[in-house]
Amino acid sequence: FLDHVVNRYSYVIERISWPMGIKLIIETHVGSLATSPGLAWNIVHPFSPNRIGVIFDLPNFAIEGGVTPRLAVSVLGPYIDCCHVGGARRVDKGKRDPFDSRQIDRTFCAMTESDAHAPTYLKAIADADLNPPLIIEDYEGDLSGTERLRRCVKYLRQVLGEAAA
């Protein structure tokens, strides 16, 4: 299946996007072909980072679980074109499946409440000498958009100041 996916990307890049001056971007996202940095790398590594890039999505790493920040950054390095910074958590549904295994769901939340520790990821990005644009994805519902943005910018300034130190 992976070979088929890479062949389709190759077709799109070589025949459609690159001749039009368009760089493809894939997102590491739950439920997609690239749910993790490793899966994204398997898709993008045959191509130049000038032709395809990755949206490095921290909230989705929280949902996928077990993503090691420094390793994730080192795997995708030059392919990271932007970084979604936000929060998500895995939560127990309070239900069991027919095999008596607990069922997990996900919920989006403030980046300060995320299972993916944004400061660690942003430090790994800074340590790798990458400077992708950060796109704020804040899911805290009780604040206005302006208040969420103000709070996130303040938090990110603190975190980025530490990451640069």
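Before reading on, note that the structure itself is shown above.
Notes on the structure follow. Given the structure is predicted, the values throughout are model-derived calculations rather than measurements. (Residues numbered from 1 in each chain as written. Predicted model: local features only at pLDDT ≥ 70, side-chain atom pairs only at ≥ 80, totals over all residues. Heavy atoms only, no water.)

1. Concerning unusual backbone geometry
Even without a glycine there, the phi angle at Asp-100 is positive, about 70 degrees. Checked against the element boundaries, Asp-100 lands in the loop between β3 (80-96) and β4 (102-109). Non-glycine residue Asp-129 carries a positive phi angle of around 60 degrees. By the secondary structure assignment, Asp-129 is in the loop between α5 (118-127) and β5 (134-137). Judged by its relative accessible area of 74%, Asp-129 is exposed. (Helix = DSSP H or I, 4+ residues; strand = E, 2+ residues; numbered from the N terminus. Buried < 20%, exposed > 50% of the residue type's maximum accessible area, 1.4 Å probe, protein only.)

2. As for the pattern of salt bridges
What the rule picks out here adds up to 9 salt bridges. The salt bridge involving Lys-23 is made with Asp-81; its shortest N-O contact spans 2.9 Å. Placement of the pair is Lys-23 in the loop between α1 (2-17) and β1 (24-27) and Asp-81 in strand β3, with a sequence separation of 58 residues. Taken together, the salt bridges that share partners define one network made up of Arg-70, Lys-123 and Asp-127. (Salt bridge = Lys/Arg side-chain N within 4 Å of Asp/Glu carboxyl O.)

3. Looking at helix α4 (residues 69-76)
Among the residues of α4, those classed as buried are Pro-69, Ala-72, Val-73 and Leu-76. Burial along α4 is one-sided: seen end-on, the buried residues are contained in an arc of 95 degrees. Residues of α4 that are exposed and point more than 90 degrees away from the buried face comprise Arg-70, Leu-71 and Ser-74. Considering only its buried residues, α4 is in contact with α2 (37-44), β2 (52-57), β3 and α5. (Arc of directions from axis to C-beta. Contact = heavy atoms within 4.5 Å.)

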